[in-house]
Amino acid sequence: MRVELSGTHFPLETLGPGRRLGIWLQGCRLACAGCMSRHTWAPHEGESVDVATLLDLWDAALADGAEGLTVSGGEPLDQPAALAELLRGAARLRSAHPRHGSAVDGLPADLLVYTGYEESELDASRHAALAHADAVVAGRFRIAEPTRLVWRGSANQRLAPRTALGRIRYAPHLDREADGPAVQIVVTPAGPAGPPAVRLLGVPRRGELSHWERWLGARGLRLRERSWRP
Ligand code: SF4
C-alpha cells in the first residue's frame, strides 16, 4: 500500500520518550493558525512510498536501539488505511525483533501518533487506524493556548495512552512539563535533491522558532523559506 510521506528521521528525541523513529505523513486539511508544518498541508507535495519501505526503516531503527515510533504530519488520520497497515506492521516487527527492552525503562518500543482530530471526530476508519497505537496526542494546535506540557503544542492537546504498554510508558509524562530541549535541529547539506535544508523537529515553545531563526542567522544560515509562515 502506498502512503504520502513528508519525511523521516532517526534518532528523533523530541516527540516522545527515548530515541525514536519519526515518520511525518503528508497532507493536512485542518489548517491550524500558527502551524509550524505548513509544508505538510498539500496532500501530494511529498513523496509517495510503499508502507513496506517505512517498515524497513522501522526494522533498522529497532536494530539500532529505537525506543519508539512517532507518526506525525501532516495529518496521519487522513490516510487511515495506510496508517493502519504501518502501525500493524510496526507492532509485529517490535514483537518479532530480538531486542525488546528500552534503554530508558526496559519496556518494548512504543507506537505514538499525533493527530489534530479530537476523539469525538474519529470515525470507524480512523478508530481502526489507531488499533495498534500505544498512545495518541490529539487535538488541534491552538496558538492562543500555549503550554509547557511535554510533547504538546497547546494546552488543549491531550496525551492519551491506549494500551497497557502506553499506560505504563506515558504515565510519568501525562502532566509533566518539558525540562529539556523541545526542538531538535537537523541540517541536510546541499545535494542532488536540492539546496541545504534545516529541519526543526519537535514542539517549539512560544517564541522558540524566532529564537532558532536568529541563532541560525548568527551562524551564517539564512532561511529562504519557513514552513511556519504563510
Ligand atoms: S498543527 Fe497539525 S493538525 Fe494543525 S494544521 Fe498543522 S499539521 Fe495540521
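Residues numbered from 1 in each chain as written. Predicted model: local features only at pLDDT ≥ 70, side-chain atom pairs only at ≥ 80, totals over all residues. Heavy atoms only, no water.

On to helix H5 (residues 208-218). Those residues of H5 not exposed but buried are Glu 208, Leu 209, Trp 212, Glu 213, Leu 216 and Gly 217. Elements that come into contact with the buried residues of H5 comprise strand E8 (183-188) and strand E9 (197-202). (Buried < 20%, exposed > 50% of the residue type's maximum accessible area, 1.4 Å probe, protein only. Helix = DSSP H or I, 4+ residues; strand = E, 2+ residues; numbered from the N terminus. Contact = heavy atoms within 4.5 Å.)

A few words on the domain arrangement of the protein chain. Put simply, an interface is often sized by how much accessible area is lost when its parts join up. Segmenting the protein chain into domains produces domain 1 (2-173) and domain 2 (183-218). Computed over C-alpha atoms, the centres of domain 1 and domain 2 are 21 Å apart. Domain 1 puts 18 residues into the contact, and the matching count from domain 2 is 12 residues. Looking at the side of domain 1 facing domain 2, the largest losses of area belong to His 9, Thr 14 and Met 36, adding up to 45% of the total buried there. Counting every contact that joins domain 1 to domain 2 gives 0 salt bridges. Where domain 1 meets domain 2, there are 6 residue pairs in polar contact (both at pLDDT 80 or more). (Domains from an automatic or database assignment. Buried area = accessible area lost by both parts, 1.4 Å probe. Salt bridge = Lys/Arg side-chain N within 4 Å of Asp/Glu carboxyl O. Polar contact = N/O pair within 3.5 Å; in protein donor to acceptor, adjacent residues only side chain to side chain.)

Attention now moves to the packing of aromatic side chains. If you walk through the whole model with that rule in mind, you get 2 aromatic pairs. Ring centres of Trp 212 and Trp 215 lie 5.3 Å apart, and the angle between their planes is 80 degrees; on these two criteria the pair is classed as edge-to-face. Linking Trp 212 with Trp 215, this pair stays in helix H5, spanning 3 residues, or about one helical turn. When the ring centre of Tyr 117 is taken as reference, the NZ or CZ atom of Arg 126 above it lies at 3.9 Å. It is Arg 199 that lies over the ring of Trp 24; its NZ or CZ is 5.2 Å from the centre. (Phe/Tyr/Trp six-rings, centres within 6.5 Å; stacked < 30°, edge-to-face > 60°. Lys NZ or Arg CZ within 6 Å of the ring centre and 35° of its normal.)

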